[in-house]
Amino acid sequence: MVSLETPQRAEAAITGSAGIALIPSDPQWSNYLHAMRETGSDPWWGFIDALSNSIVVTVLVVVGTVLSSSLVGYAFARLRFRGSRSMFLLMLATMMLPGQVTMIPLFLLFREFGWIDSILPLVVPAYFGNAFFIFMYRQFIAQIPESLVEAARVDGLGHFAIWWKIILPLCKPVSAICAVFTFIGTWNDFLGPLIYLHTDESSTLAVALNSFKNQYGGLEDVHLLMALSLLTMIPCIVLFIAAQKTFVEGLARGAVKG
Amino acid sequence: MATIQFKQVSKVYEGGVRAVDAIDLSIGEGEFCVLVGPSGCGKSTTLRMLAGLEDITDGTLELDAQCVNDLSAKDRDIAFVFQNYALYPHLTVAQNIAFGLESRRTHRSAMVAALRGNSAARHAESAAIEARVASVSHTLGLDALLQRRPRELSGGQRQRVAVGRAIARDPKVFLFDEPLSNLDARLRIETRAELRQLHRRLRATIVYVTHDQEEAMTLADRLVVMHEGRIQQNATPAQCYDAPANRFVASFIGTPPMNIIDGTIETREGQYSFVASGIRLALPSRWAPFSNTPRAITLGIRPDRVHISNASSNAIPATVESIESLGDRTDVALRCAMGRILMRSLPESLQNIREGDAVHVACDPAHIHLFDAGVAGARLTPIA
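Criteria and cut-off values
Residues numbered from 1 in each chain as written. Chains lettered and ligands numbered in written order. Predicted model: local features only at pLDDT ≥ 70, side-chain atom pairs only at ≥ 80, totals over all residues. Helix = DSSP H or I, 4+ residues; strand = E, 2+ residues; numbered from the N terminus. Buried ≥ 20, exposed ≤ 12 C-beta atoms within 10 Å, placed from the backbone. Contact = placed C-beta atoms within 7 Å. Domains from an automatic or database assignment. Nonpolar A, V, L, I, M, F, W, Y, C, P; charged D, E, K, R; others polar. Pairing = 2+ DSSP bridges. Axes fitted to C-alpha atoms, helices over the stretch in contact; angles between N-to-C directions. pLDDT = per-residue confidence, 0-100. Core = buried A, V, L, I, M, F, W, Y, C linked by C-beta atoms within 7 Å. Expected span 1.5 Å × (residues − 1).

**Quick look at the overall build of chain B**
Looking only at helices and strands, chain B features nine helices and 21 strands. Along the first, second and third principal axes, the C-alpha atoms of chain B reach 95 × 45 × 40 Å. Looking at the 384 residues of chain B, the share that counts as buried comes to 38%. By sequence separation, contacts in chain B at least 24 residues apart represent 66% of the contacts at least 6 residues apart.

**With respect to the domain arrangement of chain B**
Residues and elements named next belong to chain B. Structurally, chain B comprises domain 1 (4-246) and domain 2 (249-380). Of the residues lining the interface, eleven residues belong to domain 1; the matching set on domain 2 comes to twelve residues. Residue assignment for the side of domain 1 that touches domain 2 shows that the elements contributing at least two residues are helix H7 (213-219), strand E10 (230-235) and helix H8 (237-242). Considering only residue class, the side of domain 1 that touches domain 2 consists of six nonpolar, four polar and one charged.

**Let's talk about the sheet that holds strand E15 (residues 306-309) of chain B**
Each strand in a sheet pairs with its neighbour through backbone hydrogen bonds, running either in the same direction (parallel) or in the opposite one (antiparallel). Residue and element names in this part refer to chain B. Read from one edge of the open sheet, five strands run E15-E19-E16-E17-E18, paired in antiparallel fashion. The sheet is open, and its two borders are formed by E15 and strand E18 (339-345), each paired with just one other strand. In this sheet, neighbouring strand axes are inclined to one another by 50 degrees on average, regardless of whether the strands run parallel or antiparallel.

**A short note on the interface of chain B and chain A**
If you look at the interface, chain B gives 17 residues, while chain A gives 14 residues. Counting residues per element, the ones that place at least two in the side of chain B that touches chain A are strand E6 (78-81) and helix H2 (93-104) of chain B. With four residues, the top contributor of residues to the side of chain B that touches chain A is H2 of chain B. Class assignment for the residues of the side of chain B that touches chain A results in eleven nonpolar, four polar and two charged.

**Some details on the confidence of the model for chain B**
All names here are of chain B. Per-residue pLDDT for chain B has a mean of 88; in total, 96% of the residues score no lower than 70. The spread of mean pLDDT over the elements of chain B runs between helix H3 (residues 107-115), the lowest at 60, and strand E3 (residues 32-36), the highest at 95. Among the scores for the predicted complex, ipTM is 0.82 and pTM is 0.82.

**Description of the pairing of strand E20 (residues 369-372) of chain B**
Residues and elements named next belong to chain B. In this sheet, E20 lies alongside strand E14 (residues 295-301) in antiparallel orientation, the contact comprising four bridges. Note on E20: the bridge partner recorded for Gly-300 is His-369. Of the strand pairs in this sheet, E20 and strand E21 (residues 379-380) are connected by two bridges, and their pairing is antiparallel. Residue pairing in the sheet places Phe-371 in a bridge with Arg-379 of E21. Connecting E20 to the antiparallel partner E21 that follows it, the hairpin turn spans six residues, and Gly-374 within it adopts a positive phi of roughly 105 degrees.

**Considering unusual backbone geometry**
Phi is mostly negative for residues that are not glycine, and the peptide bonds are mostly trans. Residue and element names in this part refer to chain B. Across the junction of Thr-255 and Pro-256, the peptide omega takes the value -10 degrees, indicating a cis bond. Considering the arrangement of structural elements, one finds Pro-256 in the loop between helix H9 (247-252) and strand E11 (259-268). Residues other than glycine seldom take positive phi values, yet Tyr-85 does so here, at roughly 70 degrees. Mapped onto the secondary structure, Tyr-85 falls in the loop between E6 and H2. Located in the positive-phi region is Ala-86, a residue other than glycine, with phi close to 50 degrees. Here Ala-86 falls in the buried class, since 25 other C-beta atoms lie within 10 Å of it.

**Observations regarding the sheet that holds E20 of chain B**
Taken in spatial order, the six strands make up an open sheet running E13-E12-E11-E14-E20-E21 (chain B), and their pairing is antiparallel. One side of each edge strand has no neighbouring strand; the edge strands of this open sheet are strand E13 (279-282) and E21 of chain B.

**Concerning the nonpolar core**
Within the largest apolar cluster, 147 residues are counted, with the highest numbers of intra-cluster contacts made by Val-34, Leu-175 and Val-207 of chain B. Sorting elements by how many residues they give to this core places helix H3 (residues 45-78) of chain A first, with ten residues. Structurally, this core is a two-domain feature, drawing no fewer than three residues from each of domain 1 (4-246) and domain 2 (249-380) of chain B. For Val-34 of chain B, the residues in contact, after removing those within four places along its chain, are Tyr-208, Thr-210, Ala-216, Leu-219, Ala-220, Leu-223 and Val-224 of chain B.

**A short note on the environment of Gly-15 of chain B**
Inspection of the secondary structure puts Gly-15 of chain B in the loop between strand E1 (4-12) and strand E2 (18-27). When the C-alpha positions of Gly-15 of chain B and Thr-319 of chain B are compared, they lie 49 Å apart, and in sequence the two are 304 residues distant.

**Brief notes about helix H6 (residues 185-202) of chain B**
Side chains that are three or four residues apart share a direction in an α-helix, a result of its 3.6 residues per turn. Compared with an ideal rise of 1.5 Å per residue, which puts 18 residues at 26 Å, H6 of chain B spans 26 Å between its outermost C-alpha atoms and is within 8% of the ideal. In the segment just after H6 of chain B, Arg-203 of chain B is the residue with positive phi, at about 50 degrees.

**Some details on helix H9 (residues 159-170) of chain A**
Given a rise of 1.5 Å per residue, twelve residues ought to cover 16 Å, and the 15 Å separating the end C-alpha atoms of H9 of chain A matches this to within 8%. Taken together, the buried residues of H9 of chain A touch H3, helix H7 (131-143) and helix H8 (146-154) of chain A.

**Description of the pairing of strand E4 (residues 58-63) of chain B**
Side chains on a regular strand alternate between the two faces of the sheet. Residue and element names in this part refer to chain B. Direction of pairing for E1 relative to E4: antiparallel, over a ladder of five bridges. Pairing of Lys-7 across the sheet is with Thr-60, part of E4. Pairing between E4 and strand E5 (residues 66-67): two bridges, direction antiparallel. Residue pairing across strands places Glu-62 opposite Cys-67, the latter belonging to E5. The turn linking E4 back onto E5 is made up of two residues, and Asp-64 within it adopts a positive phi angle of 50 degrees.

**A short note on the confidence of the model for chain A**
Residue and element names in this part refer to chain A. Overall, the predicted model of chain A reaches an average pLDDT of 83, with 84% of residues at or above 70. Averaged pLDDT values over the elements of chain A bottom out at 67 in helix H1 (residues 7-15) and peak at 94 in helix H6 (residues 120-123). Residue range residues 254-258 is modelled with pLDDT below 50. Its contacts to residues more than four positions away, or to other chains, number zero contacts.

Shown next as structure tokens:
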């Protein structure tokens, strides 16, 4: 609603000196174009840069998380190797470490690698699995009959091929959940890009939104901030609706097995 | 087609459970060999070792006279039909059947062909696979189902797809792990006949595991009866039935099972007899070598070799406990001093018998089996 108001009315609404109309009497659709133009320091390009950075980072992170988590989940569920149980517990234990604890050591590590102001610190860790999703994949894969894996072995597949051709297609419901949650998490991630990306050209949408705040933390163009926030939300909503069918299928399959 | 040789093969699981205990078994080219035994006898483990799905703890396994102990499942060129069929649920019937062929198309050769733009070779290979799938599905009557997914098929159809997937690859050896146990009784009998026909047509080496001795008897060229990880008898079905190697095989093969009676063998006034619970049964003179001294022994007699006797001598007094009529035959359970005896007769010979009647039953002396005393008692072979 605020995103469709004029600057004066939006400010009045935010500071509480006037109410917000449920249906704006004079909707300012141009606010959206205006917001896109005003993002970053470069008109239009600031928005295009941030959008493309967000897309690249998110796609790479989603792909990485799904692939690595399912591969590790398969190994924990189906391969028998010495210490697999303790390794699994150790992996679960990493979930108990709050992100804030690892933030500074990770920053120092990535600075040592020379990765600051590149997308690498945001993307590369995704290719090493995510403890929660590994756990989810492992539980799901453990329910897939062992004989399917054995049949594939007899049919001439190695473990990587079994994972790629048999396990991954059967894990669609888990992959949908993993992809959507990772997408939302990465798309909306503010802290990561803020820490690692320093220039305007490399920032993502979530950080670019910040450019509407002035240096004292106050808001000048609250209507533009709202407009851009709304635009930023669209992909998450679309993805959720698109993946809904697979979600429900996964839940139903879990409920009535057999 | 291939020959298979187990040489002192053992399997010991973690925790020391010995599932298979030093078995020696040789299976010839084109033979239909059935491993049969109760649950936990080691038959499935034996099959899985042959498939390369279980490691061999000890001994040597040879395929075509080559040791395959360390060869992985994919390199053994065998096909395995699982009890639950293990069809890939996300693939159609056609893709399931083609799966083994597709995955054997070596990736390197496919990549090289792609890089060289050698699409003709790739197309030829794909066409060959398609033709193979078509011919296999035609053989098994699956033509109309090729585009369906496994969940849209009935149990019998799934079973046929599983067999189709196995024969499409034309492997050296076929392994079946209780493939009929999920089918209903009628379908099981039909599929049994189909499998037999298939074997006749392919002349392939087949190793088949089942706990159903009837299935084993009807399918096998050679029957391997297993118990507690050991082979109890390795012979033709007829030999296993007519001359069981020990007490276990005697009681396992045949429905209803053989009557087993513990007693002693004795000689009195030149007459050999079997004595149990004070009842004396005369034995033919061919059992003479075993009757020098009173000796603990087990007598086995098949239910269809027991009959109601009019005379009371050389017969066992018993009470009729239950009568089960199966139409063409009748099973009678009798209670006597030695325990329970089963009898199978034609219905017309039992017209005057009612439950609770006191009767005398006699055993056909020519069809008596004798075993050493004890659970594992070996068969005693009479003189000819």
